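# Residue-level structure breakdown
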Amino acid sequence: GRRKKVFHLYFIAIFPYYFMNRFRRQFFLGTFALIAATVAALWAHRRFQHTLPDYAFFSGWVLFAAMFVLTFFNARKKLPFLPLGKAETWLQIHIYLGFFTVVLFLIHLDFHVPHGWFEITLAWLFALVSASGVVGLFFSRTLPRRLATRGGEVIYEKIPALRHALKTEAESLSLGTDAKSPVIAEFYAKRLAPFFAGPKNLWLHIVESRRPLNALVAELEDLRRFANDGEREKIEKLAALVRQKDGLDYHRALQLALKLWLFVHIPLTYGLLIFTALHIVLVFGFSGGAR
């Protein structure tokens, strides 16, 4: 009867697991554990919030413990020589525990808006840490794949030197001693010199927009139609250099996004921990002692 029905439901739920690759298995198990933990936490909140003595203290300590485990992931990355398990395992724990910590935070607030400047600041810090974590998860899952489709691996520290080499070659084609085209020289001065001068279109590259590149290449194509044979060859070379420069800008933008979000997420995390520690001190101070 009932046991057989439960077994059938379990089998239907778990059967696809055996046909998944490793990433999908991790996603399946992590999502299942997150949903199960969320349901259990919400049930416990509804069941014990008015019956368990010092329930707010208990939920606060659980939340603080979860936040402490999350911050340990950064320490694990800096101490790879210690036998603390695989970094990939810690990353999965960090991701799903991070989502569950949001649930714990809402439970600790009893799903109410906090009052007082300190509590509001603490809530905003938590929201910013959570939001930056979600952005970082999105970046780490999408940007590396996008980088692989644009010219292979480019070392970030070498991008300025590569960009300078392209600029020098473009200047030589347009303004060098062998250049005898006033049309190309004028176009370079007006349109290409600013483009090769430095990184361009940071945000447009992040959102995968090629509109500036397409517009510049279209202008070069219009110029090529009215050029002689010698000028056409130079314009085609310039168009190739423009595409290479745009590719370097693309790699710089995406790699910079991957680097910079950590400079936002980690300081916010430590700021949140400091405010949380102050919150604990204030709560115990105003409650009249330890519980």
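In what follows, the structure referred to is the one given above.
What you see is a predicted model; the values in this text were computed from it and never measured.

### With respect to the side chain of threonine 276
- Structurally, threonine 276 can be placed in helix H10 (residues 229-286).
- Given a relative accessible area of 9%, threonine 276 falls into the buried group.
- Apart from the residues lying within four places of it in its own chain, the contact partners of threonine 276 are Phe64, Met67 and Leu122.

### Description of unusual backbone geometry
- Although it is not a glycine, phenylalanine 111 sits at a positive phi angle of roughly 60°.
- With respect to the secondary-structure elements, phenylalanine 111 resides in the loop between helix H4 (87-108) and helix H5 (117-148).
- Residue phenylalanine 111 is classed as partly exposed on the basis of its relative accessible area of 48%.
- With a phi close to 65°, glutamate 208 is a non-glycine residue in the positive phi region.
- Within the secondary structure, glutamate 208 is located in the loop between helix H8 (202-206) and helix H9 (211-225).

### Here's the deal with the nonpolar core
- Leu192, Phe196, Leu220, Leu238, Leu241 and Val242 are the most contacted members of the largest nonpolar core, which has 23 residues in total.
- Those elements giving two or more residues to this core turn out to be helix H6 (159-175), helix H7 (182-197), H9 and H10.
- Filtering out sequence-adjacent residues up to four positions away, leucine 192 remains in contact with Phe187, Leu216, Leu220, Leu238 and Val242.
- Formed by 22 residues, the second largest nonpolar core is a distinct cluster that contains Leu34, Ala66, Ile95 and Ile107.

### So, the packing of aromatic side chains
- Following the criterion strictly, the structure yields 9 aromatic pairs and no others.
- A ring pair is formed by phenylalanine 57 and phenylalanine 284, whose centres lie 5.4 Å apart and whose planes are at 85°; its orientation type is edge-to-face. Residue phenylalanine 57 is found in helix H3 (residues 55-78), and its partner phenylalanine 284 is found in helix H10; the two are separated by 227 residues along the sequence.
- A relative accessible area of 19% places phenylalanine 57 in the buried class.
- Counting every residue linked through ring pairs, the aromatic cluster contains Phe57, Trp61, Phe64 and Phe284.
- Here lysine 245 stacks its cationic end above the ring of phenylalanine 195, 4.2 Å away from the centre of that ring.
- The aromatic ring of tyrosine 156 is capped on one face by lysine 259, whose charged end is 5.1 Å from the ring centroid.

### Here we look at the packing of H5 against H10
- Here H5 crosses H10 at 155°, and the two axes come no closer than 8 Å. As the angle between them shows, H5 and H10 are arranged roughly antiparallel. Handedness of the H5/H10 crossing: left-handed.
- When the residues that make up the contact of H5 with H10 are grouped by side-chain class, the tally is 20 nonpolar, 12 polar and 1 charged.

### A few points about the pattern of salt bridges
- Counting across every chain of the model gives 9 salt bridges.
- Across the pair arginine 146 and glutamate 208 runs a salt bridge, and its minimum N-O distance is 2.7 Å. Of this pair, arginine 146 sits in helix H5 while glutamate 208 sits in the loop between H8 and H9, and the two are 62 residues apart along the sequence.
- Judged by relative accessible area, which is 18%, arginine 146 ranks as buried.
- What makes glutamate 208 partly exposed here is its relative accessible area of 38%.
- The salt bridge partner of aspartate 246 is arginine 150, with a shortest N-O separation of 3.0 Å. Of the two residues, aspartate 246 sits in helix H10 while arginine 150 sits in the loop between H5 and H6, which places them 96 residues apart along the sequence.
- Each of Glu221, Arg224 and Glu236 takes part in salt bridges that share partners, so that together they form one network.

Rules behind the numbers
Residues numbered from 1 in each chain as written. Predicted model: local features only at pLDDT ≥ 70, side-chain atom pairs only at ≥ 80, totals over all residues. Heavy atoms only, no water. Helix = DSSP H or I, 4+ residues; strand = E, 2+ residues; numbered from the N terminus. Buried < 20%, exposed > 50% of the residue type's maximum accessible area, 1.4 Å probe, protein only. Contact = heavy atoms within 4.5 Å. Core = buried A, V, L, I, M, F, W, Y, C linked by side-chain atoms within 4.5 Å. Phe/Tyr/Trp six-rings, centres within 6.5 Å; stacked < 30°, edge-to-face > 60°. Lys NZ or Arg CZ within 6 Å of the ring centre and 35° of its normal. Axes fitted to C-alpha atoms, helices over the stretch in contact; angles between N-to-C directions. Parallel < 35°, antiparallel > 145°, perpendicular 65-115°, else oblique. Left-handed = near helix turned anticlockwise from the far one by under 90°. Nonpolar A, V, L, I, M, F, W, Y, C, P; charged D, E, K, R; others polar. Salt bridge = Lys/Arg side-chain N within 4 Å of Asp/Glu carboxyl O.

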